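Architecture at a glance
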Amino acid sequence: PVVVGRLSQQACALFARHLEPLFDDPNTLFVISSDFCHWGARFRYQPLVDARPTPNFGVPGMGLAGCANPVNAGIEALDLRGIDLICRQDGKGFLQYLEAEGNTICGQNPIRLLLKVLANRQGHFSVRFLHYSQSRLLGTMPGPNDSSVSYAAAICEAVPAPIR
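Definitions and limits used
Residues numbered from 1 in each chain as written. Predicted model: local features only at pLDDT ≥ 70, side-chain atom pairs only at ≥ 80, totals over all residues. Heavy atoms only, no water. Disulfide = S-S within 2.5 Å. Buried < 20%, exposed > 50% of the residue type's maximum accessible area, 1.4 Å probe, protein only. Helix = DSSP H or I, 4+ residues; strand = E, 2+ residues; numbered from the N terminus. Lys, Arg positive; Asp, Glu negative; His and termini not counted. Salt bridge = Lys/Arg side-chain N within 4 Å of Asp/Glu carboxyl O. Contact = heavy atoms within 4.5 Å. 1 Å grid on protein atoms, 1.4 Å probe; cavity = no way out; pocket = protein on both sides within 12 Å on 5 of 7 lines; lining within 4 Å. Points joined across faces, edges and corners; volume = space filled by probe spheres on them. Nonpolar A, V, L, I, M, F, W, Y, C, P; charged D, E, K, R; others polar.

Right, let's get into the state of the cysteines. Covalent bonding between the sulfur atoms of two cysteines is what defines a disulfide. In the structure shown here, the tally under the stated rule is zero disulfides. Summary of cysteine pairing: C37 is not part of a disulfide, and the nearest cysteine sulfur, belonging to C106, is at 11 Å. With relative accessibility at 1%, the residue C37 sits in the buried group.

Structure representation (structure tokens):
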């Protein structure tokens, strides 16, 4: 097992180079775990994000907040921007997103490391999200002690080589 904590850009590049041979080995399984947005006073993160129309990635669980839960819909929109960057394997964009939004994705560094490993393998792997959920719907006026945590499950798979 490898536990990833704080990670500078230089360390991320160094660890990615060390992990690349293992990543290319079909007998090796990588499990990268992360929650997504932690919203609430106890997390010191309470942005009120507009629930902008977002592309439908076909991720089960998305879109359940609806108009009755505008904070949750905003959290989902915020998370979806990060999910989109992960699916596009845009490590630089993901880092810029984290810096701009401050999203409290606790596993952002393992995700950054995965994206760095994938950077030299463009077109050889696909990333897709299988499910998204939030721990609690907050209604229209969340109370001072209300909170919600987002969860997303994804898979990274090798793209089959074309048959010649």
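Turning to the side chain of R112, a few remarks are in order. By secondary structure assignment, the location of R112 is in helix 4 (residues 108-119). Buried within the structure, R112 lacks any salt-bridge partner; its nearest side chain of opposite charge belongs to E99, at an N-O separation of 7.5 Å. Excluding its chain neighbours within four sequence positions, the residues that come into contact with R112 are L7, S8, Q9, C12, F94, L95 and L98.

Along the polypeptide, I155 turns up in strand 3 (residues 147-158). Residue class for I155 comes out partly exposed when judged on its relative accessible area of 29%. Setting aside anything within four residues of it in sequence, one finds I155 in contact with S126, V127, R128 and L130.

Before going further, it helps to spend a moment on the layout of surface pockets. Approximately 690 Å³ is the volume attributed to the largest pocket. If you trace the largest pocket, you find 25 residues lining it, with F30, I32, A154, I155 and C156 closest to the centre. Listing elements by their share of the lining of the largest pocket, those giving two or more residues are helix 1 (9-24), helix 4, strand 2 (125-134) and strand 3. Residues of the lining of the largest pocket, tallied by class, amount to 19 nonpolar, three polar and three charged. A volume near 320 Å³ is recorded for the second largest pocket. Together, 16 residues line the second largest pocket, and V2, V4, F30, V31 and I32 are the ones closest to its centre. Mapped onto the lining of the second largest pocket, the elements with two or more residues apiece are helix 1 and helix 4. In terms of residue class, the lining of the second largest pocket is made up of 14 nonpolar, two polar and no charged.

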